[in-house]
Amino acid sequence: MKIGIVGSGYVGTTIAACFADLGHEVMNVDVDDAVVTALNDGQAPVSEPGLDDRLGRYAGETLFATTEYADLVDFAPDAVFLALPTPATEDGSIDTAIIEAGAESLGEVLVDIEGYPTVVVKSTVVPGTTEDTIGPILERESGGQIGVDFGLAVNPEFLREGSAVADFTDPDKLVFGTADDDRAREALEAVYAPLTDEADVPIVHTGRREAELIKYANNAFLAAKVSLINELGNICKEYGVDAYEVANAIGLDDRIGEQFLRSGVGWGGSCFPKDVNAIVAAAREAGYDPQLLQAAIDVNDRQPERMLELMDDHVDVEGKRVAVLGLAFKPGTDDIRNSRAIPIIEGLQARGAEVIAYDPNDGAQSAMRERFPDVTYLASASPTLSGAHAALIVTDWPEFGDLDLEFDLMSNSVVVDGRRVVDRREGITYEGLTW
């Protein structure tokens, strides 16, 4: 098949490379010349394991990028995926300006694409956006009609940063929101056939609005589960109970499950914070106040301050050097969006500390340097810990679990572990968030 993809961020680039790996011909459209050049050179514009390898294999062969929507006409895709960002606004709702602009540009050329192209909304949008906003734009700009001249579907992504390629190739489920459009359904089935023919992947056939909400429900449930185990971990801490032993036990109950039961400093990234806030805002606009989801947000927002308070119990950091280990929101990525390191650094600076930071990913350090230019960033953990009066471990990079004698370089070995990666031992004052 021939597949068009509008947008080349984490999602657009990942699905482009993975669709090409499934044997499809792929054309990416992006307004950024630098991104298009990188893709055509086989280089990923984002940091994601396994992506460069796939792009290098198919770029210039079956995967191409362009800045011109008109190139889609000659390419004649069977399906065009909209994989554009829907950033959060100040009140938590999503800003659809970018995907609306993409829909307008796509609509202008849609009428000239041969056959029955199916437009697939891959972006995360609140229920009704595809039918009430994107669809009318496509019809207005193309002069065509949904269900007659082109298809319209929703196919939410469940790709985690740091494991996006693996999540694509081994999905828990595929969601096809095509309503009653058989041709759109058949197009999506054909797109994923090379994947589903090789493995027993559950496919959910549903309406467009249901598909939109499934993505939010998925992330809201997981975020709430993390906040719940963090709340339980906070209770365990007060009683001197090992929260991980408790979590291991309750995880044996198949109604609960063991995943997402590692309590710590909280969730961040591009999905959980944006999606949970967005569905809360959307629900309130619809007339319902989702108190449980708001509580999940509140618990998560408090966790960095709890970490700082544990530090305060042992040392006054005003005028003193403090090491922050981990800047990316999770291991395996350079993304600092909503990283728990951000409120940690802000809290340390408010206390008058001299902040020294390190992350194994150079991209994460560069991004954080733009946000906090007055923080000192070093090239490894040892010099970062040297002379520090406290160390806060924010991201669970595997190399931090190997640290031991490096803590002896500190002036005052207070270690506050937000991810349960360091072993307690004599010679360091260890505080875990949940133990």
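Residues numbered from 1 in each chain as written. Predicted model: local features only at pLDDT ≥ 70, side-chain atom pairs only at ≥ 80, totals over all residues. Heavy atoms only, no water.

**A word on a nonpolar patch on the surface**
Then comes step 1: On the surface, Leu-228, Leu-232, Ile-235, Tyr-239, Val-241 and Val-246 cluster together into a nonpolar patch covering about 550 Å² of accessible area.
Then comes step 2: Take the nonpolar patch: its biggest share by element is four residues, from helix H9 (residues 208-239).
Then comes step 3: As for its position among the elements, Leu-232 is in helix H9.
Then comes step 4: Judged by relative accessible area, which is 34%, Leu-232 ranks as partly exposed. (Patch = residues over 30% accessible without salt bridge, like charges linked within 9 Å, V, L, I, M, F, W, Y side chains within 5 Å. Areas by Shrake-Rupley, 256 points an atom, 1.4 Å probe, with all protein chains shown as cover. Salt bridge = Lys/Arg side-chain N within 4 Å of Asp/Glu carboxyl O. Helix = DSSP H or I, 4+ residues; strand = E, 2+ residues; numbered from the N terminus. Buried < 20%, exposed > 50% of the residue type's maximum accessible area, 1.4 Å probe, protein only.)

**Observations regarding empty space enclosed by the protein**
Then comes step 1: Tallied over the entire structure, the rule returns two cavities of 30 Å³ or more.
Then comes step 2: Considering only enclosed or pocket space, the largest cavity measures out at about 130 Å³ in volume.
Then comes step 3: Forming the walls of the largest cavity are 15 residues, and the residues nearest its centre are Phe-158, Leu-159, Pro-171, Lys-173 and Leu-174.
Then comes step 4: Those elements that provide at least two residues to the lining of the largest cavity are helix H7 (164-169), strand E7 (174-177) and helix H8 (182-196).
Then comes step 5: When its residues are assigned to classes, the lining of the largest cavity shows 10 nonpolar, one polar and four charged.
Then comes step 6: Volume-wise, the second largest cavity comes out at about 50 Å³.
Then comes step 7: Around the second largest cavity, the lining residues are Tyr-244, Ser-263, Gly-264, Asp-417, Gly-418, Arg-419, Arg-420, Tyr-430, Gly-432, Leu-433, Thr-434 and Trp-435.
Then comes step 8: Grouping the constituent residues of the lining of the second largest cavity by class yields four nonpolar, five polar and three charged. (1 Å grid on protein atoms, 1.4 Å probe; cavity = no way out; pocket = protein on both sides within 12 Å on 5 of 7 lines; lining within 4 Å. Points joined across faces, edges and corners; volume = space filled by probe spheres on them. Nonpolar A, V, L, I, M, F, W, Y, C, P; charged D, E, K, R; others polar.)

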